[in-house]
Amino acid sequence: MILTQCAACAAPLGLSLGKKCGRCSTRYCGPECQVQHWKEGGHDQLCKKIKKAGGAEQYNANQRYAEAVTVAAEACTDDTNGQTCYICTQALHRKTKEGLVRMCACRGTAGLAHVSCLAEQAKILVAEAEENHLGSKAFNSRFQRWHHCSLCEQEYHGAVLCALGWACWKTYLGRPEADELRGLAMTNLGNGLSAADHDEEALMVREAEFSMLRRVGGSEISMLGSQSNLANSYHNIGRDDEALRLRRDNYSRWLKLCGEEHEHTLLAANNYVLSLVTLQLTQEVKSVLRKTMPVARRVLGESHDSTLRMRVMYAAALCNDTDATLDDLREAVTTFEETARIARRVLGSAHPIAVDIEGKVRRSREALRAREASESRVVDVTSIREALEAMPPGDAN
Ligand SMILES: [Zn+2]
Ligand SMILES: [Zn+2]
Ligand SMILES: [Zn+2]
Ligand SMILES: [Zn+2]
């Protein structure tokens, strides 16, 4: 379940606390909230309707889906005005009257569709794969239709990914808890909510997913994937201590499972360091990166996104250390200059990452110059004193 709050007062109930409406399974913290919700919250009017829809979880998903489709279609109006759906060929959906969407890499008149039509296609393709036992490769590529455009093969973003997330969840939520598709739908919904910046809600879904996997005994790989998503959600809402705790654990578990050279381990290391940087734990940033950065350079190569990020974070940590030596600053400047060159070549000079590193090159050069100037003043004073002391007394006259 993803509904983990009292329907009347929104108190957190976790997965088992509180009381359920006997008819429709709407959850409350206790009998008082339940009575109040019935008398004043309109539940007397809605209870039958919710039960008919399949219970509180299904009713909520249906409602949220309809809202998310409206939001997505509105967000796309400039792009879709006067166009038709490539699946059903209509402008307005015949049954739902929803508008068109498009949030992928398709251009021109390509890729315009109704969320309902995209969802229907995905549902049919996945059902076929299941019925015909098509094996995991075919199954995965079909499930991808819940989040990737079949025409340009790019992932949908923003409001469209969110609407498809609700579509997917409402399709599979009625299955048993350990069902693979139900788990995938939960991940998909979390991704969609996160893409649409509904971070608090994404966190609730991630938490529900993580504890579901623990309950049903999910594989270590799916646990680690879920833990990483959960950490990202904590980070997005500014709960960085919790993000750090999860990311540190995530990194050491990947390390144990796949070794230091595996891409997942390096990605987990990157996220772990990102949390350390956010919390300004400079010494730990340096010590983790001294271990992981050389591996990333060797295994992933100098142009890889993770390698670049690691090197930039390392150089920034060198600069930010209050005990930085002149050599540290020189190493930081050289690293920023090298990574700036790589970023310009790989990403283009207008890319935000390239622009960001360019700024760091400038600032670190200034810091180095200032430091060199101040050190040379120190040297000057010393050498003057030494010169004075070396002068034999009496010579001054
Ligand atoms: Zn309550
Ligand atoms: Zn009820
Ligand atoms: Zn359509
Ligand atoms: Zn597309």
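It should be noted that the structure appears before, not after, this text.
Residues numbered from 1 in each chain as written. Chains lettered and ligands numbered in written order. Predicted model: local features only at pLDDT ≥ 70, side-chain atom pairs only at ≥ 80, totals over all residues. Heavy atoms only, no water.

Engineer: Any chance you could break down the coordination of the zinc ion (ligand 1) for me, citing the residues and the numbers?
Structural biologist: Within the protein, C6 (SG), C9 (SG), C29 (SG) and C33 (SG) serve as the donor atoms for the zinc ion (ligand 1), at 2.3 Å. Its four donor atoms give the zinc ion (ligand 1) angles of 100 to 116° at the centre, a pattern that matches the tetrahedral case. Taken in sequence order, the residues that donate to the zinc ion (ligand 1) follow the motif C-x2-C-x19-C-x3-C. Using a relative accessible area of 13% as the deciding quantity, one classes C33 as buried. (Donors = N, O, S within 2.8 Å, 3.2 Å for Na, K, Ca; no water. Tetrahedral: all angles 85-135°; square planar, octahedral: opposite > 155°, others 65-115°. Buried < 20%, exposed > 50% of the residue type's maximum accessible area, 1.4 Å probe, protein only.)

Engineer: Can you tell me about the coordination of the zinc ion (ligand 2), naming the residues and giving the values?
Structural biologist: Surrounding the zinc ion (ligand 2) are the protein donor atoms C21 (SG), C24 (SG), H43 (NE2) and C47 (SG), at 2.2 to 2.3 Å. Each donor residue of the zinc ion (ligand 2) lies on one chain, and together they are spaced C-x2-C-x18-H-x3-C. Taken as a pair, C24 in the loop between strand 1 (19-20) and strand 2 (27-28) and H43 in helix 2 (residues 43-53) lie far apart in primary sequence, 19 residues in all. (Helix = DSSP H or I, 4+ residues; strand = E, 2+ residues; numbered from the N terminus.)

Engineer: Lay out the side chain of D199 with the relevant residues and their values.
Structural biologist: Structurally, the position occupied by D199 is in helix 9 (residues 199-216). Of the side chains with opposite charge, R206 lies nearest to the buried D199, which makes no salt bridge, at 8.4 Å. (Lys, Arg positive; Asp, Glu negative; His and termini not counted. Salt bridge = Lys/Arg side-chain N within 4 Å of Asp/Glu carboxyl O.)

Engineer: Tell me about the layout of surface pockets, residues and numbers included.
Structural biologist: Of the voids in this model, the largest pocket is the one considered here, and its volume is about 680 Å³. The wall of the largest pocket is formed by 30 residues, among which T187, S222, G225, S226 and N229 lie closest to the centre. Looking at the lining of the largest pocket, the elements that each hand over two or more residues are helix 8 (180-195), helix 9, helix 10 (220-236), helix 11 (240-258) and helix 12 (263-278). Considering every element that reaches the lining of the largest pocket, the biggest residue donor is helix 10, with seven residues. (1 Å grid on protein atoms, 1.4 Å probe; cavity = no way out; pocket = protein on both sides within 12 Å on 5 of 7 lines; lining within 4 Å. Points joined across faces, edges and corners; volume = space filled by probe spheres on them.)

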